[in-house]
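Each chain is listed here by its residues.
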Amino acid sequence: MQLWGGIEGGGTKFVCAVGTGPDDLREVARFDTTTPAETLERVVGFFRGHGDVAAVGIASFGPVDPDPHSPTFGHITTTPKPGWAHTDVAGAVTDALGVPVGFDTDVNIAALGEWRWGAAQGLDTFLYLTIGTGIGGGGMANGQLMHGLVHPEMGHIPLPRDIARDPFEGSCPYHGDCLEGLASGPAIEARWGQSAEELPVYHDAWTLEAEYLAQALVSFICTLSPQRIVMGGGVMEQAQLFAMIRRRVQELLNGYVAHASILEDIAGYIVPPGLGSRSGVLGAIALAQRAAAE
Ligand code: ADP
Ligand code: ZN
């Protein structure tokens, strides 16, 4: 049986795995994200030490160039993360391992993992959102992973907001009070002076967080008509958010999108990842299989 390699490259850590799927992840390793050279050397070393992978899939933090016909395909492009702008991640892995390599955004590939083995099986138009250090969204439209001019940047939409209720200026270095600037983990910490994981379960922070996320979901629902929305990332570990977001999405839509998924089964419509925190790395394994088939 062929073995596949998966890499989930994040701004904090890189997770590497060898295996064939959720019931067969043979080796998993985590490396801190330091400099590109050091981090990619460790990643490549991991795969060299674990036998023959037939192909590797890479799910990368971004922004990235996901266009296979572009000269900068597989590069991280304009990231504010020090040292990482213009890093050729796919090229480094291809040159070192000499196997087919697939490359896409972390969120598109988490979506692919959820589609293959998790909460989005059988769907052709759905979203995967991560609410963590940043906010990102990906998914499929009509059975294809979402690409276009570049790739979606759902975390950076502007939101209607009430400055009297929330005077926080926002933490996005590009836009200030975009969705990510208002609702990412670092934004929560900057607003309340306490890290998101340390805030109590019953706190105004979560009412406000649910409001912003619900506003964003309403925009995405009205724009893309997803059949389901999967929400992951560290902030969504606050499981109480799900019920609050679902209720607020229904209120904001006000019956206008007249589908049973929203009117009657919102708990099956806005859901946590079926693969838990493994959507990204398992999606990367699924991407490796695709890369080998092409
Ligand atoms: P990353 O986005 O870096 O890949 P995560 O998805 O784990 O990683 O997101 C990290 C962010 O999520 C941090 O801002 C952290 O404060 C927040 N976070 C992590 N765990 C929790 C938790 N249990 N409750 C609320 N926020 C959390
Ligand atoms: Zn922004």
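Going by the structure above, here's the rest.
One structure accompanies this document, and this report is about it. Since this is a predicted model, take the numbers as computed values, not measurements.

1. Brief notes about unusual backbone geometry
Now for step 1: Looking along the chain, the bond that leaves G62 and enters P63 is cis, with omega of 5°.
Now for step 2: Backbone geometry at S225 places phi at a positive 50°, although glycine is not the residue there.
Now for step 3: Looking at S225, the relative accessible area reads 55%, which means it is exposed.
Now for step 4: Phi is positive for N254, which is not a glycine, with a value near 55°.
Now for step 5: Topologically, N254 is positioned in the loop between α7 (240-253) and α8 (260-263).
Now for step 6: Residue class for N254 comes out exposed when judged on its relative accessible area of 66%.

2. Regarding the site of ligand 1
Now for step 1: For ligand 1, the full set of nearby residues is T12, G132, T133, G185, P186, A196, E197, G233, G234, V235, E237 and Q238.
Now for step 2: The side chain of T133 places a nitrogen or oxygen atom 2.7 Å from an oxygen atom of ligand 1.
Now for step 3: Note that a nitrogen atom of ligand 1 is positioned 2.8 Å from one of the side-chain N or O atoms of Q238.
Now for step 4: Protein coverage of the free-state accessible area of ligand 1, which is 560 Å², stands at 69%.
Now for step 5: Residue composition of the shell around ligand 1, by class: 3 nonpolar, 7 polar and 2 charged.

3. Brief notes about the coordination of the zinc ion (ligand 2)
Now for step 1: Surrounding the zinc ion (ligand 2) are the protein donor atoms H156 (ND1), C172 (SG), H175 (ND1) and C178 (SG), which sit 2.1 to 2.4 Å from the metal.
Now for step 2: Seen from the zinc ion (ligand 2), its 4 donor atoms lie at angles of 103 to 121°, and the figure they make is tetrahedral.
Now for step 3: Exposure remark for C172: the relative accessible area of 7% places this residue in the buried category.
Now for step 4: You can call C178 buried: its relative accessible area is 2%.

Scoring rules and cut-offs
- Residues numbered from 1 in each chain as written.
- Chains lettered and ligands numbered in written order.
- Predicted model: local features only at pLDDT ≥ 70, side-chain atom pairs only at ≥ 80, totals over all residues.
- Heavy atoms only, no water.
- Buried < 20%, exposed > 50% of the residue type's maximum accessible area, 1.4 Å probe, protein only.
- Helix = DSSP H or I, 4+ residues; strand = E, 2+ residues; numbered from the N terminus.
- Near = heavy atom within 4 Å.
- Polar contact = N/O pair within 3.5 Å; in protein donor to acceptor, adjacent residues only side chain to side chain.
- Areas by Shrake-Rupley, 256 points an atom, 1.4 Å probe, with all protein chains shown as cover.
- Nonpolar A, V, L, I, M, F, W, Y, C, P; charged D, E, K, R; others polar.
- Donors = N, O, S within 2.8 Å, 3.2 Å for Na, K, Ca; no water.
- Tetrahedral: all angles 85-135°; square planar, octahedral: opposite > 155°, others 65-115°.

None of the figures reported here should be taken as evidence of function without further support.
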